[in-house]
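Listed below, chain by chain, are the residues.
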Amino acid sequence: MIEIVTGEKGKGKTKVLLDRSNEDVKKIDGSIIFVDKSAKHMYDLDSKVRLINITEYPVNTTGEFLGFLSGVISQNNDIEEIFLDSFLTIAYIDTNNGLTSSFEELQYIIDCNIKDLMTDKSIKTHDANLIRKLYKIYMNFNSRESNLNRLKGHIKIVEDIETIDQLTEYFKSEECIKHGSSIIHFGRSLDLKETNKYCIGISTIGLTFGDSDEYNKILTSNGQKEKEYFEKILKYVMRRFGYTDEDYINLLEMRYKFEFMAARYIDSYEESNKPDYIEKIYNPVTLDKLNEISKLFPIVDIMKAIKISHSKLITLYEPEYLKFLNTIYTQDNVELIKGYLISSMLYSYIDYIDEESFRYFMKCYYERYGITTEMPDDEIFSSWVNSTLPTCVSKTYLAKYVDTSIKSEIEELIKKIILVYKKMLQSCNWLSDETKSKAIEKLDNMTIYAVNPDKWNDYSELNLFKCNNLYDVLNIINNFKWEKFTLARINTEKDRDMWSNDITMVNACCSQLENAIIIPVGILNGSFYSKDMSIEEKLGAIGIIIGHEISHCFDTNGAQFDKDGNFNNWWNEEDLNKFRDRCKKIINYFDEMIL
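Residues numbered from 1 in each chain as written. Predicted model: local features only at pLDDT ≥ 70, side-chain atom pairs only at ≥ 80, totals over all residues. Heavy atoms only, no water.

Trainee: Looking at this structure, I do not really get the sheet that holds strand 4 (residues 185–191). What am I missing?
Mentor: Strands belonging to one sheet form pairs held by backbone hydrogen bonds; the direction of such a pair is parallel or antiparallel. Read across the open sheet, the four strands follow the order 4-5-7-6; overall the sheet is mixed. For this open sheet the edge positions go to strand 4 and strand 6 (284–285), each flanked by a neighbour on one side alone. Two elements, strand 6 and strand 7 (residues 314–316), share two bridges in a ladder whose sense is antiparallel. Residue pairing for strand 7: P284 is matched across the bridge by T315. (Pairing = 2+ DSSP bridges. Helix = DSSP H or I, 4+ residues; strand = E, 2+ residues; numbered from the N terminus.)

Rendered as structure tokens:
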């Protein structure tokens, strides 16, 4: 348990800590440690309390403080309480930035390295050539010439639709797939109960206001910001396309009418964060079943047209939304659906028109997210290249910046922390032996992904070198990904050696569908990790991140997946109820907080 004593300077916080430590040392059998920035309180403390003057040790950063504290704890198993006076000072926490500063500082370093890759011709690989080509096209605003008239042509195809049959043909067409929008989405995923196999997932549209809850109440401040952001961009693009202000109002009205109807059948953020949500969205279906429940909306015909109908595993994440489409997919609603499609397309086109549209988009972006300092173009476009071709950037980054010899050390560190979890489980007094055994089996079977994957998505057949138009190049990339990494993998098994597209992210994660912990090289730098750190420092820095991510394999979501990452209940009923009761107490505790 952590207790925090807060208050203004000079209000007696230190005295509270001194009195508490002197009282507790008389009640407990173990040791008490009092960490301070000097030795001046030595004679105010009971002789049984150990005072540590942290200034006598080489502690100069938050990471070093965490390592120091971990070292203190690891050397004495009898410690029951630790008191930290002047915590923000001795822990080197910047109150202006908080603990997130370590992430932000490291992200800045990574971003600078990625930016340098964009113009570094010393790396001769195909992946490096691809990212340099895409970056060059992004940076050259002439690569957007003639796009406006071409984009108008894609819009006109939708505007010319008059009947529901024509709308169906459009949804089945290559024109829609490559240049248009839709009212339902298909993608490659993993089957929740056979997570070694790929499936086709059917999902809903995204909503302008973000959360579907925004559509049945007064907009929150976030919903209002999303609304204003979308409307500014749409209005600007429509003017560039030659529409009138009246056209803008009418189109926006149709979009919102469609979304307000649809939002009732789309799960809210709150709903999607509930522990039982995984059970709710696991809805395996067959083509026959889809035909049965979708009489009006031609979902199966669309799937056949885009070449995914042969998938043996199909998951319909939100069946109620498909039911909604079958109530609205009529001749009377053709203009309404067109309004949603056209507004979505126009909004997405702002990046492709010219430099003026790009500058306006960035202006809206800065206003939306409260950014006061404009980013230079090279930073913006290097990040966009990383978003578009993350595998190619990661492989090039690995070749230039990464000492891959750290991989074995990180893997061993993760194994050590897994052993700590194992000991914790073995000593747990509220779990039955049956559930303990299953939990330990899950730990023993945990896959460790560290630094970089052994296999990558293969971009060797992607050719961008004969094209210099941004819109065309991005279409080539998107079509390549769809063909190579979605269509080609239907009815195949996932290769577990391929675990990340982006190893440059300053983060770590737990893949519950693989029972795996992922520690990419992006976070293995700065105050989180250095080869020169002591083992105590490493445990106090990256070790905390590792321990946190392992915990997700046993949180309210992770606990629903077994040792192989399959959605499968491995608890006995009594233990599961105990676990849920404990989780509910934490939920109730935080629900009572007022921020």
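Trainee: How should I be thinking about the side chain of N53 in this particular structure?
Mentor: Relative to the assigned elements, N53 resides in strand 2 (residues 49–53). Within polar-contact distance, the side chain of N53 engages the backbone nitrogen of S38 at 3.4 Å. Leave out the neighbours within four places in its chain, and N53 touches D36, K37, S38 and A39. (Polar contact = N/O pair within 3.5 Å; in protein donor to acceptor, adjacent residues only side chain to side chain. Contact = heavy atoms within 4.5 Å.)

Trainee: It is not clear to me how the packing of helix 20 (residues 406–426) against helix 24 (residues 542–551) should be interpreted in this structure. Could you clarify?
Mentor: Each pair of packed helices gets described by two things: the angle between the helix axes and the distance between those axes. Between helix 20 and helix 24, whose axes approach to 10 Å, the crossing angle comes to 55 degrees. The angle between helix 20 and helix 24 places the two elements in the oblique class. You can see that helix 20 and helix 24 cross each other, and the crossing is right-handed. Residues L413, I414, I417, I418 and Y421 of helix 20 pack against I542, G543, I546, G547, I550 and S551 of helix 24. (Axes fitted to C-alpha atoms, helices over the stretch in contact; angles between N-to-C directions. Parallel < 35°, antiparallel > 145°, perpendicular 65-115°, else oblique. Left-handed = near helix turned anticlockwise from the far one by under 90°.)

Trainee: What am I meant to see in the sheet that holds strand 2 here?
Mentor: Ordered in space as 2-1-3, the three strands form an open sheet in which the pairing is parallel. Strands at the two margins of the open sheet, each flanked by one partner only, are strand 2 and strand 3 (79–84). Strand-to-strand twist of the sheet, defined as the mean angle between neighbouring strand axes without regard to direction, takes the value 20 degrees. As judged from the five bridges shared by strand 1 (residues 31–36) and strand 2, these two strands associate in the parallel manner. Opposite V35, over in strand 2, you have I52 as the bridge partner. Helix-sheet contacts for helix 1 (residues 13–24) involve strand 1, strand 2 and strand 3, and the interaxial angle to strand 3 is about 165 degrees.

Trainee: What exactly am I supposed to notice about the pattern of salt bridges here?
Mentor: Side-chain pairing between opposite charges can occur once the charged atoms of the two side chains come close. With the rule as written, the count across this model stands at 36 salt bridges. The salt bridge partner of K172 is E169, with a shortest N-O separation of 3.3 Å. A relative accessible area of 26% places K172 in the partly exposed class. For E169, a relative accessible area of 48% gives the class partly exposed. (Salt bridge = Lys/Arg side-chain N within 4 Å of Asp/Glu carboxyl O. Buried < 20%, exposed > 50% of the residue type's maximum accessible area, 1.4 Å probe, protein only.)

Trainee: Sorry if this is basic, but what is going on with helix 25 (residues 573–591) here?
Mentor: Two residues of an α-helix separated by three or four positions point the same way, owing to the 3.6 residues in each turn. Between the first and last C-alpha of helix 25 there are 26 Å, a value that for 19 residues agrees with the 27 Å anticipated at 1.5 Å per step. When helix 25 is considered as a whole, its buried residues turn out to be D575, L576, F579 and C583. For helix 25, the angular spread of the buried residues around the axis is 100 degrees, confining them to a single face. Opposite the buried face of helix 25, at more than 90 degrees from it, the exposed residues are E573, E574, K585, Y589 and D591. On the buried face of helix 25, the contacting elements are helix 21 (433–444). (Expected span 1.5 Å × (residues − 1). Arc of directions from axis to C-beta.)

Trainee: How should the layout of surface pockets be read in this particular structure?
Mentor: Rolled over the atoms, a probe as big as a water molecule pinpoints where empty space is left. Space inside the second largest pocket adds up to approximately 1300 Å³. Lining the second largest pocket we find 35 residues, and of these I177, K178, G180, H185 and N478 sit closest to its centre. Only helix 8 (174–179), strand 4, helix 16 (334–348), helix 18 (377–388) and helix 22 (470–486) provide two or more residues apiece to the lining of the second largest pocket. For the lining of the second largest pocket, the element with the most residues is helix 22, which contributes eight residues. Taken together, the residues of the lining of the second largest pocket break down into 19 nonpolar, 13 polar and three charged. (1 Å grid on protein atoms, 1.4 Å probe; cavity = no way out; pocket = protein on both sides within 12 Å on 5 of 7 lines; lining within 4 Å. Points joined across faces, edges and corners; volume = space filled by probe spheres on them. Nonpolar A, V, L, I, M, F, W, Y, C, P; charged D, E, K, R; others polar.)

Trainee: Quick question: what am I supposed to make of the pairing of strand 10 (residues 516–520) here?
Mentor: Consecutive side chains along a regular strand alternate between the two faces of the sheet. Within strand 10, five of the five residues are buried, which leaves it mostly tucked inside the rest of the structure. Where burial is concerned, the two faces of strand 10 agree: the one with A516, I518 and P520 and the one with I517 and I519 are both buried. Taken together, the five bridges between strand 8 (residues 447–451) and strand 10 define a ladder with parallel strand orientation. From the neighbouring strand, V451 faces strand 10, where its bridge partner is P520. Bridging between strand 9 (residues 509–511) and strand 10 involves three bridges; their strand directions are antiparallel. By the bridge assignment for strand 10, S511 is matched with A516. Linkage of strand 9 to strand 10, two consecutive antiparallel strands, is achieved through a turn of four residues, within which N515 is found at a positive phi near 50 degrees.

Trainee: Can you walk me through a nonpolar patch on the surface in this structure?
Mentor: A cluster of nonpolar side chains, contributed by I586, Y589, F590 and M593, occupies part of the molecular surface with about 440 Å² of accessible area. Within the secondary structure, M593 sits in the segment after helix 25. Residue M593 is classed as partly exposed on the basis of its relative accessible area, which comes to 41%. (Patch = residues over 30% accessible without salt bridge, like charges linked within 9 Å, V, L, I, M, F, W, Y side chains within 5 Å. Areas by Shrake-Rupley, 256 points an atom, 1.4 Å probe, with all protein chains shown as cover.)

Trainee: Would you take a moment to explain the environment of I308 for this structure?
Mentor: Relative to the assigned elements, I308 resides in the loop between helix 14 (299–305) and strand 7. A relative accessible area of 0% places I308 in the buried class. Between the C-alpha atoms of I308 and V59, which are 249 residues apart in sequence, the distance is 58 Å. Those residues in contact with I308, other than ones at most four positions away along the chain, are F186, I200, M303, W482, L487 and I490.

Trainee: Looking at this model, I keep getting lost on the state of the cysteines. Mind explaining?
Mentor: Throughout this description, disulfide means a covalent bond between two cysteine sulfur atoms. By the definition in use, this model includes zero disulfides. With no disulfide of its own, C392 lies 16 Å from the sulfur of C467, the closest cysteine sulfur. (Disulfide = S-S within 2.5 Å.)

Trainee: Teacher, can you tell me more about unusual backbone geometry here?
Mentor: Most peptide bonds are trans, and most residues other than glycine sit at a negative phi. Even without glycine at this site, S86 takes up a positive phi of about 50 degrees. Examined against the element boundaries, S86 turns out to sit in the loop between strand 3 and helix 3 (87–90). Of note, V451 is a non-glycine position whose phi angle comes to about 70 degrees, a positive value. Here V451 falls in the buried class, since its relative accessible area comes to 0%.

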